[in-house]
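Topology and contacts: notes
So you can see what is in the structure, the chains are spelled out below.
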Amino acid sequence: MKSTTKQNLTGWLLFTPAAILLIAFTHYPTIATFFNSLYSNESVIRPSRFTGLESYQNMINDPVFWKVFNNNIWFAIGTIPTSIGLAIIMALIVNKAIPGRGLLRLCYFIPTMLPMIAVANIWLFFYSPDIGLLDKVLGMFGVESQNWLGDPDTALPSIIVMTVWKEAGFFMIFYLAGLQTISPELHEAAKLEGSSRWNYFWRIQFPLLLPTTLFVLINAFLNSFKLVDHLFILTKGGPDNATNLILYYIYENAFSFFDISYASALTVFMLTLLAITALVQFFIVDKRTHYR
Amino acid sequence: MKKSKFSLLASIELLGAYILAALWVLPLLYAFWAAFHSSSDAIHFDIFSPLTLDNFREVWNQAPFLQYGINTFLIVSFILPLQLVISTLAAYAFARYEFTGSNIAFTLVLVQLMITPEILIVQNYGTLASMNLVDTITGVGLPYVASAFCIFLLRQTFKSIPKELEDAAKLEGCGPLGILWKVYVPLALPTYLAFALVSVSHHWNNFLWPLIITNTVESRPLTVGLGIFGAPESGVDWSIVSAATLLSIFPLLIAFLLFQKQFVQSFMQAGIK
């Protein structure tokens with residue numbers, strides 16, 4: 001009896017520092033955000049008052065919100081499959097004994113180590129009209145000069161290309177780790193059976209990499225909602241919100257328009273999205289990957 | 001006949017691999033090249049134009065990048081040791097103590113894997129303002145000090161350590177902290193290294209939260225300094241921005257190039273767990 005109390009006490013004491021900080025910066029703000037979204041903004045002349053679901057009403061009626069949400073979905077669709085596909089190709093390349101393998105791996109991985117702000121600075125120049133590298137190169141083939149980031153039609157795709165460049169090498173690492181767990185005997189067996197490499201990949205490697213793919217998929221999905229640093233340099237969400245993403249819109253509302261109430265409602269929306277992702281991961285993905 | 005066809009295919013593949021690698025590294029190499037050339041040469045891509053250090057001189061005069069660098073260093077050195085200490089204690093509790101509510105508590109810890117501090121910027125800004133920590137190194141670091149990810153990684157590692165070692169230390173009269181320090185920490189060193197590299201690179205590169213919570217040169221890290229410097233409306237030219245970008249990334253980049261293997265393995269290890 002006495003030893004259980006002691007166990008209890010020691011356990012809790014060890015956990016306390018982490019618990020206090022997690023409550024202060026994760027759990028409390030999560031709950032407080034929800035309550036803030038139910039109150040109007042406080043100003044010098046008017047105190048905050050309970051407005052219920054009014055900011056959610058505003059959100060539903062806000063065309064910018066829908067646009068931003070839509071952008072985020074397209075950003076996810078544009079970045080995730082491409083970067084995963086490239087990551088698999090890169091991992092297959094550097095998993096083989098080929099000349100210059102270390103150098104290749106370094107090249108693929110290096111964008112991962114750069115801050116998104118630096119990446120945006122570098123790519124800003126590629127995309128600038130007339131003088132930018134992209135226009136220069138395309139100009140050699142007679143393609144007309146474009147304002148890549150200034151045109152609503154090309155702005156988001158331009159940002160997607162840059163993000164794929166930044167992320168593919170990061171996901172490659174996980175595929176490389178996954179490939180190394182596949183027994184080389186399987187490859188030998190497949191060779192004896194005369195199976196083509198194409199078949200070997202789709203029948204053996206890809207299915208065995210499924211847990212990796214699911215892990216990367218979840219991470220890539222989360223990243224597509226959390227990563228907005230580049231917008232500060234490249235477009236500021238423009239032109240006409242063509243590249244604005246949810247988190248950047250939250251930032252704008254809170255720190256440029258000082259509309260805390262609306263920013264809180266948007267945050268709650270984002271938290272709900274993340275909660276759904278977490279549930280999907282917990283009930284579907286984890287169940288399916290645990291057969292290992 | 002068949003053999004040569006295969007080797008042709010192999011060479012095409014190899015060529016593809018190198019082209020992809022070139023595409024991946026050229027943007028960075030180009031920025032590197034441009035930083036040492038005048039802006040007009042960089043725009044015209046004049047390969048044989050003279051090298052110059054003017055851009056770096058210009059950056060140095062226009063913005064306090066040394067101060068930014070010191071701030072980034074201070075932020076990273078504030079966050080990492082606290083993360084390690086706090087997570088070690090919590091991870092030990094979760095790995096070896098079955099205290100009341102430990103399962104619920106652990107689930108609540110894992111919430112932070114999904115809801116990272118970036119998402120709660122609005123509320124956390126309010127909290128830090130009420131603590132008078134806006135525009136301080138502590139303010140930049142504090143929301144990240146308790147890391148669910150670190151707790152999770154260390155708990156997994158601690159659980160894999162044989163309990164007999166702990167019992168042996170107990171017989172020698174060690175208390176919980178003594179056991180932790182003498183048995184668990186030494187055996188978990190690879191995990192500590194892996195987390196440290198991931199944490200340092202994450203916080204070296206972090207932007208959004210530091211942007212919000214800092215206002216002055218006194219606490220602004222490199223990324224935020226670079227963000228302000230490179231913003232198109234500030235009207236600086238391309239070569240100078242390249243030089244500033246290079247200045248901001250080179251410490252971490254050099255560390256990465258020197259310890260490439262450790263970095264890659266750390267990311268791998270951290271992801272698999």
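Per chain, the residues get numbers from 1 upward, laid out in the order the sequence is written. Following the order in which they are written, the chains are lettered starting with A and the ligands numbered starting with 1. Where totals are concerned, whole chains, interfaces and linings use all residues; where local detail is concerned, this predicted model gives features only for residues with pLDDT of at least 70, and gives and counts side-chain atom pairs only at 80 or more.

1. Some words on the overall build of chain B
When helices and strands are tallied, chain B shows 15 helices and zero strands. Restricting the calculation to C-alpha atoms gives the radius of gyration, and the globule rule supplies 2.2 Å times the number of residues raised to the power 0.38. For chain B, the C-alpha radius of gyration of 24 Å lies well beyond 19 Å, the compact-globule estimate for 273 residues. Dimensions of chain B along its principal axes, counting C-alpha atoms only, are 75 × 70 × 30 Å. Within chain B, the fraction of its 273 residues that count as buried is 44%. A sequence separation of at least 24 residues applies to 76% of the contacts in chain B between residues at least 6 apart. Where helices and strands are cited, they refer to DSSP runs of H or I of at least four residues and of E of at least two residues respectively, numbered from the N terminus. Burial in this document is a count-based property: other C-beta atoms within 10 Å of a residue's C-beta are tallied, and the residue is buried at 20 or more, exposed at 12 or fewer, or partly exposed in between, with C-beta positions derived from the backbone. A pair of residues counts as a contact when their C-beta atoms, built from backbone coordinates, are within 7 Å of each other.

2. Examining the overall build of chain A
Scanning chain A from terminus to terminus reveals 13 helices and zero strands. Walking chain A from its N terminus toward its C terminus, one meets helices and strands in the order α-α-α-α-α-α-α-α-α-α-α-α-α. Its C-alpha radius of gyration of 24 Å places chain A more than 25% over the 19 Å reference for a compact globule of 292 residues. Principal-axis analysis of the C-alpha atoms places the extent of chain A at approximately 80 × 80 × 30 Å. Expressed as a percentage of the 292 residues in chain A, the buried residues total 40%.

3. What about the interface of chain A and chain B?
Listed as interface residues are 63 residues of chain A and, on the opposing side, 67 residues of chain B. Considering every element that reaches the side of chain A that touches chain B, the biggest residue donor is helix α1 (residues 2–36) of chain A, with 19 residues. Under this grouping Gly is polar, as are all residues other than the nonpolar Ala, Val, Leu, Ile, Met, Phe, Trp, Tyr, Cys and Pro and the charged Asp, Glu, Lys and Arg. In terms of residue class, the side of chain A that touches chain B is made up of 49 nonpolar, twelve polar and two charged.

4. What about unusual backbone geometry?
Residues and elements named next belong to chain A. The phi dihedral of K236 is positive, around 55°, even though this residue is not glycine. Its place among the elements puts K236 in the loop between α11 (229–234) and α12 (246–256). Although it is not a glycine, F258 sits at a positive phi angle of roughly 55°. Following the sequence through the fold, F258 ends up in the loop between α12 and α13 (260–289). The exposure class of F258 is exposed, given the 11 C-beta atoms found within 10 Å.

5. Some remarks on the nonpolar core
The nonpolar core criterion groups buried Ala, Val, Leu, Ile, Met, Phe, Trp, Tyr and Cys residues into a set whenever they are joined through C-beta atoms within 7 Å. Counting 155 residues, the largest nonpolar core has A87, F171, M172 and I250 of chain A together with A90 of chain B as the members making the most contacts within it. Broken down by element, this core gets its largest block of residues, 13 residues, from helix α7 (residues 152–181) of chain A. All the domain ranges listed were derived from an automatic or database domain assignment. Of the residues that make up this core, three or more belong to each of domain 1 (2–56) and domain 2 (63–272) of chain B. Leave out the neighbours within four places in its chain, and A90 of chain B touches L14, F15 and A18 of chain A together with I151 of chain B.

6. Considering the domain arrangement of chain B
All names here are of chain B. For chain B, the assigned domains read domain 1 (2–56) and domain 2 (63–272). Each side of the interface is counted separately: domain 1 has eleven residues, and domain 2 has eight residues. Of all the secondary-structure elements, those providing two or more residues to the side of domain 1 that touches domain 2 are α1 (2–35), α2 (39–44) and α3 (54–62). Top contributing element to the side of domain 1 that touches domain 2 by residue count: α1, with four residues.

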